[in-house]
Amino acid sequence: MSRNSKIILGVTGGVLLLIILWFFSTGNSMLRREQEIKSLWRKVEEQYQNRLDLYAELREKASKIADFEKSTLKDVIAMRSDAAHQSVDENNLSPDNIQQFQQAQNAYKSAINLVFEQYPQLLTPQQFLAFQDIQDGMESPINKVRTDFNDAVQDYNSYILTFPSSIVASMK
């Protein structure tokens, strides 16, 4: 074998080796990008699940507070109604009847004060505002991971559609 033949064979072997290395390198790069896309999609799903769990928890808390406030309102209305129906028979104005009426009125006032001392302000509007704040706060991380995912998919698609990596991608 002549010297020129050996050089041509060596160059051809070197070029073939470079092509094989490039082929494996491109394939590995595509695999890494695919795995990155899968990882980012898991993060998107995780953020969606966190939001769903948080919504369920907040809805439950707000519902309990609203139910408590509803029962408190019903109690106050019932006490007011009872106090309004207490009367003194003007034909029978005895000291005992007047004292009984005053005791009923004082009991009504005490009951109203007790209810409002136990629960001085309504919390439902505050709970719904807090829910809206938390909802707004949840959307930012979701948008970030969704954007990261979309960017990774765009990068991967560009990579596999451009020449020469499209050759390797078409062989998969």
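Refer to the structure presented above.
Residues numbered from 1 in each chain as written. Predicted model: local features only at pLDDT ≥ 70, side-chain atom pairs only at ≥ 80, totals over all residues. Heavy atoms only, no water.

Asks: Any details on the pattern of salt bridges? Residues and values, ideally.
Replies: Here the structure, examined in full by the defined rule, presents 3 salt bridges. Taking the shortest distance from any N to any O, the salt bridge between D155 and R33 comes out at 3.0 Å. Placement of D155 in helix α3 (residues 124-161) and of R33 in helix α1 (residues 3-85) is noted, with a sequence separation of 122 residues between them. Under the relative-accessibility criterion, D155 is labelled partly exposed at 38%. (Salt bridge = Lys/Arg side-chain N within 4 Å of Asp/Glu carboxyl O. Helix = DSSP H or I, 4+ residues; strand = E, 2+ residues; numbered from the N terminus. Buried < 20%, exposed > 50% of the residue type's maximum accessible area, 1.4 Å probe, protein only.)

Asks: Please give an account of the environment of L58 that cites residues and values.
Replies: By the secondary structure assignment, L58 is in helix α1. Put simply, L58 and F131 are 73 residues apart on the chain and 6.6 Å apart in space, counted from C-alpha to C-alpha.

Asks: Describe the side chain of S165, listing the residues and the values that go with them.
Replies: Its location among the elements puts S165 in helix α4 (residues 165-171). For S165, the side chain forms a polar contact with the main-chain oxygen of Y159, separated by 2.3 Å. Aside from chain neighbours lying at most four places away, what touches S165 is W22, T26, Y159 and I160. (Polar contact = N/O pair within 3.5 Å; in protein donor to acceptor, adjacent residues only side chain to side chain. Contact = heavy atoms within 4.5 Å.)

Asks: Kindly report on the packing of aromatic side chains, identifying the contributing residues and their values.
Replies: Summed over all chains, the structure comprises 2 aromatic pairs. Taking 5.8 Å as the distance between ring centres and 75 degrees as the angle between the ring planes, the aromatic pair formed by F23 and F24 counts as edge-to-face. What makes F23 partly exposed here is its relative accessible area of 31%. Judged by its relative accessible area of 52%, F24 is exposed. Ring plane angle 50 degrees and centroid distance 5.0 Å describe the contact between W41 and F149, whose orientation is recorded as tilted. With W41 in helix α1 and F149 in helix α3, the pair connects residues that are 108 residues apart, well separated along the chain. What makes W41 partly exposed here is its relative accessible area of 36%. On the basis of relative accessibility, which here comes to 15%, the residue F149 falls in the buried class. The residue whose ring lies beneath R33 is Y159, and the NZ or CZ to ring-centre distance is 3.9 Å. (Phe/Tyr/Trp six-rings, centres within 6.5 Å; stacked < 30°, edge-to-face > 60°. Lys NZ or Arg CZ within 6 Å of the ring centre and 35° of its normal.)

Asks: Residues and numbers for unusual backbone geometry, please.
Replies: F163 connects to P164 through a cis peptide bond whose omega is 10 degrees. Along the polypeptide, P164 turns up in the loop between α3 and α4.

Asks: Quick one: what's the story with the environment of G27, residue by residue and with numbers?
Replies: Following the sequence through the fold, G27 ends up in helix α1. For the pair G27 and S165, spaced 138 residues apart in the sequence, the C-alpha separation amounts to 8.3 Å.

Asks: Can you tell me about the nonpolar core, naming the residues and giving the values?
Replies: Residues M30, I37, L40, V44, V145, F149, A152, Y156, Y159, I160 and V168 constitute the largest nonpolar core, which totals 11 residues. Of all the secondary structure elements, the ones that give two or more residues to this core are α1 and α3. Per element, the largest residue contribution to this core is 6 residues, and it comes from α3. (Core = buried A, V, L, I, M, F, W, Y, C linked by side-chain atoms within 4.5 Å.)

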